[in-house]
Amino acid sequence: MYNEKVMDHFQNPRNVGEIENPDGSGQVGNPTCGDIMKITIKVEDGKIVDCKFKTFGCGAAVATSSQVTEMVIGKTVEEAKKITNKMVAEELGGLPPVKMHCSNLAADALRKAIADYLGEDFTEEEHDHHHDIEED
Amino acid sequence: MRRVYLDNSATTPTRPEVVEAMLPFFTEHFGNPSSVHSFGRDVSKYITESREQVAKLIGAKDSSEIIFTSGGTEADNLAIIGIALAQKNKGNHIITTQIEHHGVLHTCEYLKKYHGVEVTYLPVNEYGQICLQDLENAITDKTILITIMFANNEIGTIQPVHEIGNIARTKGVLFHTDAVQAIGSIPVNVQEMKIDMLSLSGHKFNGPKGVGALYVRKGVKLVPHMHGGAQERKRRGSTHNTTGIIGLGKAAELAMADLDEKQKKLTVLRDKLIKGIEERVPEIILNGHPTERLPQNVNVCFKYIEGESLLLNLDLQGIGASSGSACTSGSLDPSHVLLAIGLSHEVAHGSLRLTLGIYNTEEEIDYVLEVLPGVVEKLRQMSPLYNATK
């Protein structure tokens, strides 16, 4: 079901936790559909120097959260803003189709954290939350 | 790596004795049991024996009341659609529950959509049992069938089948029960319990997959749904699945002989597992009935974590289990059963079902109890919900 890279991130998630006194914090998802992600960031000189996550959710939710923290540390805020959910999934070598919409929210959480840091409004990426059947 | 199989409600390994009984029917006794010649007659005799074994297991009066099917789902379809069509002129109302297997629920939805049948879905209490008064109140002069499962596949709750049978018989309504999870685990007697129709499946009690049966009490007429042959007294066309039927018969024979012992053994393992989890892991909910419960079933919700993550982690440690979370059901909603017993979505997502079988040992339970608390804690440490409440 999941590829090796996804399973590696799931088994050994990177940067789990919550930064104390973060510069930005973002939480997306809701308990009803079973995925909640919280990302906290530390910013120095316009660069994201630390990023941690906490996730309630399935294997894909954990792996994408872990992946996004790896992708973002060291990037400038402007670069980090451009990371999309799709890019995270691609970096992981792909996710099962059924997981693409419901559990692939990590970049949203990151961008929400960045918006929080910048004091900007945050709008979520479009999600099809009613993926009835996605046959592959 | 050590492997522990605790998903016996999904399927069970076929007993070697069953496989052994089946083998000659692939090569030596290969004839079509419907044929006139000796090759066929030779097999036909064994099919009859199997039928008798299945009849005995459920306390049927006569083996002619057993229709072999491809499994539990087909038996449910045949019973429900068969009665709805046969009793069209009498009425168009079926009573079932909110927690049935999809074999029953989706069949009822089909009848509703294409045949104008009205369906009442009885609610259940927090333990998963229906209220008998609700059942009585739901019966109208249009009611043609009550279909209520014997025991639930997810939470293991056993329904008051005796009482349901009494109500149905008194009101003159047919009673079908999906007993797929109960057969071979607890005593079932269709005559004493006034059951008119009963579905069972071979692979749930160490028989082969792809074979099951529907019991239909003598005198109950149903319209067949498989056309094209006179097999099963014209109630189910199709060449007999000879090997499967022989396997089912053998599994039934063994299940009956071992029933007491199995029930005792699994109850001990189940209670050890439940107690062990309760002692080792805080903030859990035991789903299902404390006593009216299948001996093989443990179903627990671990707050603040999600089921698929839990299953993946257990699988990495060699433990095979299942969950009612949305991610494992393939839809956005968690299990309809867990929602029907009143759990919130959030809690239902964190359910774990461990189901025992005849080959499980106490040592395996010890292993699970050793692994599980660490896995739950790891996921909780990762969960934003856990910290929010701490």
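Predicted model, so just to flag it, every value in this text is computed and none were measured.

J.: Whenever I open this one, the side chain of asparagine 206 of chain B confuses me. Can you help?
T.: Looking at the secondary structure, you find asparagine 206 of chain B in the loop between β7 (197–201) and β8 (212–216). With residues up to four places along the chain from it excluded, the contact list for asparagine 206 of chain B reads Thr12, Pro13, Thr14, Arg15, Val18, Ala251, Ile358 and Tyr359 of chain B.

J.: Honestly, the domain arrangement of chain B in this entry has me stumped. Any pointers?
T.: Note: interface size is frequently given as the accessible area lost on complex formation between the parts. All names here are of chain B. Each assigned domain of chain B is listed with its residue range as follows: domain 1 (4–11 + 259–387) and domain 2 (16–255). A separation of 28 Å is found between the C-alpha centroids of domain 1 and domain 2. At the junction of the two partners, domain 1 supplies 26 residues and domain 2 supplies 31 residues. Contact between domain 1 and domain 2 buries roughly 2500 Å² in total, counting both sides, with carbon and sulfur atoms accounting for 51%. Together, Leu259, Leu294 and His336 form the three largest contributors to the area buried by domain 1 at its contact with domain 2, with a combined 23%. For the pair domain 1 and domain 2, the number of links is 17 residue pairs in polar contact (both at pLDDT 80 or more). Counting only elements with at least two residues in the side of domain 1 that touches domain 2, the list comes to α9 (242–280), β10 (297–302) and α12 (336–340). With four residues, the single largest contributor to the side of domain 1 that touches domain 2 is α12.

J.: How should I be thinking about the packing of aromatic side chains in this particular structure?
T.: For any pair of aromatic rings, the description consists of the separation of the ring centres together with the inter-plane angle of the planes. Residue and element names in this part refer to chain B. Enumeration according to the criterion identifies four aromatic pairs over all chains in this entry. Aromatic pair phenylalanine 25 and tyrosine 46: ring centres 5.1 Å apart, planes at 80°, arrangement edge-to-face. Here phenylalanine 25, found in helix α2 (residues 24–27), pairs with tyrosine 46, found in helix α3 (residues 38–57); they are 21 residues apart in sequence, far enough to count as distant. Overall, phenylalanine 25 belongs to the buried group, its relative accessible area being 8%. Residue tyrosine 46 is classed as partly exposed on the basis of its relative accessible area of 26%.

So, how was this worked out
Residues numbered from 1 in each chain as written. Chains lettered and ligands numbered in written order. Predicted model: local features only at pLDDT ≥ 70, side-chain atom pairs only at ≥ 80, totals over all residues. Heavy atoms only, no water. Helix = DSSP H or I, 4+ residues; strand = E, 2+ residues; numbered from the N terminus. Contact = heavy atoms within 4.5 Å. Domains from an automatic or database assignment. Buried area = accessible area lost by both parts, 1.4 Å probe. Polar contact = N/O pair within 3.5 Å; in protein donor to acceptor, adjacent residues only side chain to side chain. Phe/Tyr/Trp six-rings, centres within 6.5 Å; stacked < 30°, edge-to-face > 60°. Buried < 20%, exposed > 50% of the residue type's maximum accessible area, 1.4 Å probe, protein only.

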